[in-house]
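An overview of the molecular structure
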Amino acid sequence: MADQLAIGSRRGLKPALPLLLPAYLWLTVAIFLPLSAMVFFSFMTDLPLAGKEWSFTLGNYAAFFSQSLYSTLLFASLRLGLEVTLWCVVIGYPAAYVLAKVLKGRSREAIFLLVILPFWSNGLVRIFSWAMVLREGGILDTALNAVLPFKINIDLMYSYPAVIIGLVHSYVPYMVLTCYLTLQAIDDSLIEAGRSLGASRRQVLWRVIIPLSMPGLIAGSALIFVPVVGSFMEPRILGGRTGTFYGTVIEDQFVAVFNWPLGAALSFILLAVVLIILALAAPVLRRAG
Amino acid sequence: MAGVQVANVSRSFGAHKALDNVSIDFADGGFYALLGPSGSGKTTLLRQIAGFDFPDAGRIAIGGESVERVPVEKRRIGMVFQNYALFPNMSVADNVAFGLSVRGEPKATIATEVQRALDLVQLGKLGGRKPHQLSGGQRQRVALARAIVTKPRVLLLDEPLGALDKALRVDMQIELKRIQREIGITTIFVTHDQEEALTMSDRIGILRDGRLVQEGPPEEIYDRPQSEFAATFLGDANIFRGDATGSGIKLPDGTTIAASTGASVPAGAKASCAVRPERIRISTGAAKPDPANANMLTGQVSKRIFAGNNSTYFVDRDGQTLKVIVQNTGAERLAEGQPVVLSWSPDSTVLIAAA
Ligand SMILES: Nc1ncnc2c1ncn2[C@@H]1O[C@H](COP(=O)(O)OP(=O)(O)OP(=O)(O)O)[C@@H](O)[C@H]1O
Ligand SMILES: [Mg+2]
């Protein structure tokens with residue numbers, strides 16, 4: 001019986017092979033090859049370009065541990081990732097709740113479009129628009145001073161809050177979408193059942209709705225946390241001098257200093273740290289959900 | 001425990017009247033079935049009582065106090081939903097404990113109450129399971145335990161047995177009735193199934209297009225329906241239409257049918273008569289006048305359906321097909337095409353005024 005099943009499934013795979021082949025080819029070319037090239041680079045002393053001398057070394061990885069700057073920046077980036085993820089939860093989850101459970105029909109479509117819009121606009125355009133809003137004498141400063149009776153100086157540009165604002169704006173749609181999908185799947189009768197059992201709206205939210213939307217919150221957080229830790233565009237443009245993070249240092253190695261091996265090694269260290277964090281968080285989050 | 005009074009309640013969705021001036025008095029401790037075709041407003045009425053939705057007009061009182069301004073969670077009702085609505089992320093015991101725990105009861109009290117409720121629905125050993133590990137009937141019992149553990153004043157059930165197969169359904173009907181008697185809770189039970197309504201409830205209300213058609217004990221509705229709809233919706237009925245004579249009706253072909261129960265209709269007005277299939281006697285041969293079975297018609301058997309303990313005969317007569325149910329007493333069965341005489345008593349004939 002087991003044999004037959006095995007044969008059956010093998011027979012099932014064969015016709016599927018031509019269909020799977022393009023996908024695997026694409027994965028090999030687009031992800032596996034460049035990535036292994038980077039792994040290779042990370043163990044080299046120099047780029048093998050223009051006939052330069054090079055040899056294998058562990059020095060690029062050692063650099064991370066010998067200079068405290070890198071680990072300090074890594075911690076700053078992890079903190080940035082955590083803060084941005086938290087803000088995305090705080091802003092994105094209520095928005096998703098309203099979209100999924102309160103709005104109906106036309107107004108839902110309209111709000112949905114507003115949420116998705118940042119996705120469709122170019123990242124640079126988005127960041128420079130924030131620069132115009134946040135700088136001294138910019139839109140926010142002018143508007144607030146026009147309304148308030150006293151003079152205040154709003155210059156958020158080139159500061160940590162500016163980086164947070166820019167990143168949250170870029171990434172909050174992920175949280176809204178993943179949470180919207182899980183909230184949508186929660187049957188309204190569960191909410192009514194909770195209320196009929198004597199729970200207030202708030203109790204139903206904390207005991208029924210939020211636990212049931214955990215998968216969406218976790219997926220959204222992972223989708224946001226990982227790229228934010230390695231982000232460089234927002235910190236550089238909106239953070240200015242204060243915007244030096246782990247991601248910007250990596251970018252420097254590739255674009256400015258031209259030390260690809262060090263950049264690659266730093267990237268893989270980041271990847272390892274992020275994977276460890278996700279692995280440690282997984283059981284805790286699973287229990288919460 | 002408390003009764004529920006629904007007085008002149010109306011609820012519209014746009015131009016559609018889902019409830020139209022409905023008044024029902026649900027007695028304290030009674031088992032009340034709401035019966036009606038799909039879309040007749042049964043769920044809508046239940047939702048008004050629960051407080052999930054609010055009437056446009058009319059008044060609802062629970063235990064004599066108006067609940068107009070009382071939110072769902074303060075109405076102290078228990079509800080069992082058609083899809084059970086168990087919390088999928090919680091164990092069976094946590095589902096049942098939910099109502100007590102949001103109230104802030106001490107842990108020890110919760111544990112004993114939950115165990116008692118689970119024992120009551122005979123699921124004492126399954127407290128640790130998740131809802132998706134239960135069968136349909138078990139889920140339904142968990143939903144019931146969850147609804148009654150908080151000691152609500154009223155239990156609302158929206159077609160709770162709808163998804164179960166026939167055998168399990170009958171088991172659950174008996175169990176539900178047992179539990180209801182044991183805790184003596186006012187119960188309002190929505191169902192599609194007329195047999196379920198007849199066997200389980202003290203009183204039945206029939207809804208149609210948002211209006212209450214008739215309301216009363218099952219025997220009364222079955223024996224004295226006040227409309228053709230009530231007669232045919234609750235049980236089977238043969239309907240004759242004609243002109244009232246004062247003591248019955250006269251059919252268009254001149255035959256008279258005597259009726260001694262039902263409405264009184266002035267002679268000459270349009271009226272109909274309803275006769276239950278099991279009240280009609282079917283015989284072959286010449287018609288003998290019999291004062292006890294004064295109503296007599298002749299016809300021809302067009303079809304017979306054998307159902308074990310009884311047979312249903314379809315008898316054609318003057319363009320109308322009549323239904324007759326005969327107990328299986330071992331007597332000779334009638335063949336299709338055979339001419340027959342149908343007779344029944346005026347006491348079994350209900351006179352109904354034309355709508
Ligand atoms: N929220 C709503 N919005 C618009 N129309 C509604 C709403 N709820 C119910 N209705 C309408 O009101 C009528 C009564 O609905 P209701 O759900 O009470 O029927 P029901 O008797 O429970 O039917 P069923 O036996 O199929 O459950 C239906 O025509 C339905 O379409
Ligand atoms: Mg319904």
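Residues numbered from 1 in each chain as written. Chains lettered and ligands numbered in written order. Predicted model: local features only at pLDDT ≥ 70, side-chain atom pairs only at ≥ 80, totals over all residues. Heavy atoms only, no water.

Focus on the sheet that holds strand E1 (residues 4-13) of chain B
Residues and elements named next belong to chain B. Our working definition: Pairing between strands is defined by DSSP: at least two bridges between them are needed. Each helix corresponds to a stretch of at least 4 residues labelled H or I by DSSP, and each strand to a stretch of at least 2 residues labelled E; elements are numbered beginning at the N terminus.
Read from one edge of the open sheet, four strands run E2-E1-E4-E5, paired in antiparallel fashion. Lying at the two open borders of the sheet, with one neighbouring strand each, are strand E2 (16-26) and strand E5 (65-66). Summarising the sheet, E1 and E2 pair through seven bridges and their orientation is antiparallel. Counterpart to Arg11 in the pairing with E2 is Leu19.

Looking at the nonpolar core
Note the following rule: For the purposes of this section, nonpolar cores are sets of buried Ala, Val, Leu, Ile, Met, Phe, Trp, Tyr and Cys residues that join through side-chain atoms within 4.5 Å. Any residue under 20% of the maximum accessible area for its type is buried, any over 50% is exposed, and the rest in between are partly exposed; the area is computed with a 1.4 Å probe on protein chains only. In this analysis, two residues are considered to be in contact whenever any of their non-hydrogen atoms come within 4.5 Å of each other.
In this structure, A:Val84, B:Leu45, B:Leu156 and B:Ile188 are the most contacted members of the largest nonpolar core, which totals 69 residues. Here the element with the most residues in this core is helix H7 (residues 160-184) of chain A; it accounts for 11 residues. Non-local contacts of B:Leu156, meaning those with residues more than four positions away in its chain, are made with B:Leu46, B:Ile49, B:Ala50, B:Ile77, B:Gly78, B:Met79, B:Val80 and B:Ile188. The next biggest cluster of nonpolar side chains, apart from the first, holds 34 residues, and it includes B:Val80, B:Val114, B:Ala145 and B:Ile148.

Some remarks on the interface of chain B and chain A
So the rule is basically this: Here's the idea: put two parts together, see how much 1.4 Å probe accessible area each one loses, and the total over both is what we call buried area. Counted as salt bridges are all cases of a side-chain nitrogen of Lys or Arg within 4 Å of a carboxyl oxygen of Asp or Glu.
With 21 residues of chain B at the contact, the number on the chain A side is 18 residues. Each partner contributes to the roughly 1700 Å² buried at the junction of chain B and chain A, and carbon and sulfur atoms together form 61% of this total. It is B:Glu73, B:Phe98 and B:Val102 that lose the most area in chain B upon contact with chain A, and together they represent 32% of the buried surface on that side. For the interface between chain B and chain A, the tally reads two salt bridges.

Things to note about the site of ligand 1
All names here are of chain B. How we decide: Proximity criterion: a residue is near a molecule or strand once any of its heavy atoms comes within 4 Å of it. Residues adjacent in sequence count toward polar contacts only when both atoms are side-chain atoms; beyond that, a polar contact is any pair of N or O atoms within 3.5 Å, and within protein one must be able to donate a hydrogen and the other to accept it. Three categories are distinguished: nonpolar for Ala, Val, Leu, Ile, Met, Phe, Trp, Tyr, Cys and Pro, charged for Asp, Glu, Lys and Arg, and polar for the others, with Gly belonging to the last.
Of all residues adjacent to ligand 1, which total 13 residues, the nearest are Ser38, Gly39, Lys42, Thr43 and Thr44. Between an oxygen atom of ligand 1 and a side-chain N or O atom of Ser38, the distance comes to 2.5 Å. Broken down by secondary-structure element, the contributors of at least two residues to the shell around ligand 1 are E2 and helix H1 (42-50). No other element matches H1, which puts three residues into the shell around ligand 1. Its residues assigned to classes, the shell around ligand 1 comprises three nonpolar, eight polar and two charged.

Quick look at the sheet that holds strand E20 (residues 339-344) of chain B
Residue and element names in this part refer to chain B. Rule in force here: Convention adopted: a line fitted to C-alpha atoms gives each axis, helices being fitted over their contacting stretch, and angles between N-to-C directions are expressed from 0 to 180 degrees.
The five strands lie next to each other as E16-E20-E17-E18-E19, forming an open sheet whose pairing is antiparallel. Taken across any chain shown, the strands that pair with only one partner, and hence form the sheet edges, are strand E16 (281-283) and strand E19 (320-327). Sheet twist, expressed as the mean angle between neighbouring strand axes with direction ignored, is 45°. Of the pairings in the sheet, the one linking strand E17 (residues 295-306) to E20 comprises six bridges and is antiparallel in character. Along E20, the bridge assignment pairs Gln300 with Pro339.

Purely geometric numbers; function is a separate question.
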